[in-house]
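Notes for the structure review
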Amino acid sequence: MEDPQLPEAWWQAIPLDRACAVIGTQGVAGHLADLAVACWGHLILGDILPLLRFSDPAEAERTPEMLGKDVVQKLFGGVFERLLEPVPDVPAAPARRDKPLPDLIDGLFRSLDDRQRAIARDRLYAAQRVTLDELAQRFSVTRERIRQIERDLRDHVEAWLGGPDAVPLVAHVTWLRGRLGSAVPSDDLAAAVPWHRAELRALGIPAWRFVRTLLTGYDQAEGWLVAGGAEELREKTRQLFTDGPRPLAEAVAMVAQLGVREDVAERWIKSVPHLRVLEQHVVPWPRSINEKAEAVLAVAGNPLSPEEIQERIGEDYSLVGIRNQLTADDRFLRVDRNKYGLTRWGGDEYLGIREMIAREIERAGGEASVSTIVTNLTSRYDVSESSVRAYSGGPGFERTQRGWIRVAGTSPAGGAAEPYQPRKDVSLTRRSFRSRDGRWWHRVDVNAEHLRGSGSPLPTGFAAYLGMAPGGQLTASTPSGDVVVSWHNQPTMGSIRNVLADFKAGEGDHVFLTVSDGGELLTRYLPAAPVAMPPLNRALYLIGYTAPVTSEAEGLRLIGARVGLPDTATRDEVLARLRERGDRDILGFLGG
């Protein structure tokens, strides 16, 4: 808008005719056209320059985005040239006493007969429009006759609006467009001025209903009046926040640039799908639980527990599901026993006490004093000194000659021992299945012993996959308490009764479980399969696959992939692998 030939903020400093005299009418029109395209592209031109409604009514209903800068400049220039034309001397028109606008509108309908008024009241300006057939039956005429009367009424109103008597009302509607902006709650129209609620005596309806029909270009959408397309304005609003959360005050100012009044901007934001106001910030709010958790953390600016994230999301997501997503998604970093942050914030990952002791030893060069490890870990994480000392003296670590500890099986120089090799790899281990992300899960078929709280054996192949070796111990955390896996004569998993209680599991149900890199027990629950389920689907159910399949070949391919076979494996190769693993229950459903 600035121009070197004009003073600073010239649009406020000098009259229009002086600006046009300096840089020309088209120069001024060009500046305003640039502004309209850049800032008000979604508004119709009649709202930006109301005089266009009289000089060029057809183009006044279009937007700068539709017409482009050159056409908008030409239209603006035409209006300015007509404004600046010399006015010939004409006798002044006799002064006419102004009527209240409701009386003015009433005069339009007072001369109508009963049938015309009924059609105007019940069709043209009704909240719930009566059908043509109902009116035709009421007045004993054809529906086409009702349609013709309705059309004549519209023409009658249109002609009146173009005449001198309607000038005050047209000016009011022009003012009203500026008052409403590009989006406003529907009830704001009735409250805009007191007389909007007044009754039009000729029709028995509030005046605002008639005024609403004059606001061409506004859509009624879910309790809002929206200039242009409602979905288009919603999408423009969403685009403002694609880069992440914005403080609410800043967001309101941004939305005001789209023509939404600041006093209703927050309500508009809250009405737009996939946006949410969270702790005085506006955040994108997509369907994914992962992205919602990311938005919650971004607004908080510090790590939160899964329970806090669940509470702030405030929707029907299970705590187990949120924990699983926080653990599996690279956008999140576990930074304490029960705290998660965003990976982009940086910092050390919480790995579980045993793994963090090993990390401290590695950072110290291969061995470290227990006191130093206790100090480092208890100062950074929510772990107790007694827990750190207990793990330091347990399986996986050994004392050095000077009383420090190192990772068991490593030389003083830090050379690592060979990992334990089980007799059967996890891919050859019964009830162990690989998910699409490459993680292996073990299926527990729930029985009475599990429900009583007894421990249960774990296959050596799966225990070795978790990084265990004979004599070792692994502690996996859950929201309801730790689950300990120890390996003495054979790997044994401690009680999972609390986990089963969280799912309300019973005998015959299935729980698939594994341990994350951070030492968290990940679980997936499936109730017992319905008896009527087809055999192929029963077999797939036992590998944790519940979606429908189109053929046996597709089902066998899925089973093969879950037990470590390539997609090209034949039916015989899949059945042979299941026999080798000992998955007789799955074989039974496949006829093998």
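Presented here is an overview of the structure given in this document. No experiment lies behind these values; they were computed from the predicted model shown.

Scanning the entire structure with this criterion turns up two cavities of 30 Å³ or more. There is about 110 Å³ of room inside the largest cavity. Lining the largest cavity are 13 residues; nearest its centre among them are V320, T478, P479, L521 and T523. Grouping the amino acids of the lining of the largest cavity by side-chain chemistry returns five nonpolar, five polar and three charged. Taken together, L458, F462, L466, V483, V485, M493, L513, V515 and L521 form the lining of the second largest cavity. Sorting the residues of the lining of the second largest cavity by element identifies β17 (483-487) and β19 (510-515) as the ones contributing at least two each. Residue composition of the lining of the second largest cavity, grouped by class: nine nonpolar, no polar and no charged.

Spatially, four strands are ordered β13-β14-β19-β20 in an open sheet, and the strand pairing comes out antiparallel. Each having just a single partner strand, β13 (432-434) and β20 (521-526) make up the two edges of the open sheet. Between one strand and the next, the sheet's axes are offset by a mean angle of 30 degrees, whatever the strand orientation.

Our next topic: the packing of aromatic side chains. Summed over the entire model, instances satisfying the criterion amount to eight aromatic pairs. Look at F109 and Y125: their rings are 5.7 Å apart centre to centre, the planes differ by 75 degrees, and that puts the pair in the edge-to-face class. Of this pair, F109 sits in helix α9 (residues 101-110) while Y125 sits in the loop between α10 (114-124) and α11 (132-139), and the two are 16 residues apart along the sequence. With a relative accessible area of 1%, F109 lands in the buried category. For the ring pair F462 and Y465, a centre distance of 5.9 Å and an interplane angle of 35 degrees mean the geometry is tilted. Taken as a pair, F462 and Y465 lie in helix α26 (residues 460-465) at a separation of three residues, close to a single helical turn.

Here the focus is helix α29 (residues 552-562). Buried residues of α29: G555, L556, L558, I559, G560 and R562, and no others. On the buried face of α29, the contacting elements are β13, β14 (440-445), α28 (535-541), α30 (571-581) and α31 (584-590).

Further remarks concern the packing of helix α2 (residues 16-23) against helix α3 (residues 25-39). Where α2 contacts α3, the axes come no closer than 6 Å and their chain directions differ by 110 degrees. One element, α2, and the other, α3, form an angle in the roughly perpendicular class. Residue-level inspection shows L16, A19, C20 and I23 of α2 in contact with α3, the latter providing T25, G27, V28 and H31. Classifying every residue of the contact of α2 with α3 gives five nonpolar, three polar and no charged.

What follows is about the pattern of salt bridges. Opposite charge on two side chains permits them to pair, given that their charged atoms come into close proximity. Scanning the model with the defined rule gives 42 salt bridges in all. Notably, a salt bridge pairs D103 with R201, separated by 3.4 Å at the nearest N-O pair. Taken as a pair, D103 in helix α9 and R201 in the loop between β2 (199-200) and β3 (205-206) lie far apart in primary sequence, 98 residues in all. Connected through salt bridges with shared partners, the residues E222, E231, R234, E235 and R238 form a single ionic network.

Reading the values: the criteria
Residues numbered from 1 in each chain as written. Predicted model: local features only at pLDDT ≥ 70, side-chain atom pairs only at ≥ 80, totals over all residues. Heavy atoms only, no water. 1 Å grid on protein atoms, 1.4 Å probe; cavity = no way out; pocket = protein on both sides within 12 Å on 5 of 7 lines; lining within 4 Å. Points joined across faces, edges and corners; volume = space filled by probe spheres on them. Nonpolar A, V, L, I, M, F, W, Y, C, P; charged D, E, K, R; others polar. Helix = DSSP H or I, 4+ residues; strand = E, 2+ residues; numbered from the N terminus. Pairing = 2+ DSSP bridges. Axes fitted to C-alpha atoms, helices over the stretch in contact; angles between N-to-C directions. Phe/Tyr/Trp six-rings, centres within 6.5 Å; stacked < 30°, edge-to-face > 60°. Buried < 20%, exposed > 50% of the residue type's maximum accessible area, 1.4 Å probe, protein only. Contact = heavy atoms within 4.5 Å. Parallel < 35°, antiparallel > 145°, perpendicular 65-115°, else oblique. Salt bridge = Lys/Arg side-chain N within 4 Å of Asp/Glu carboxyl O.

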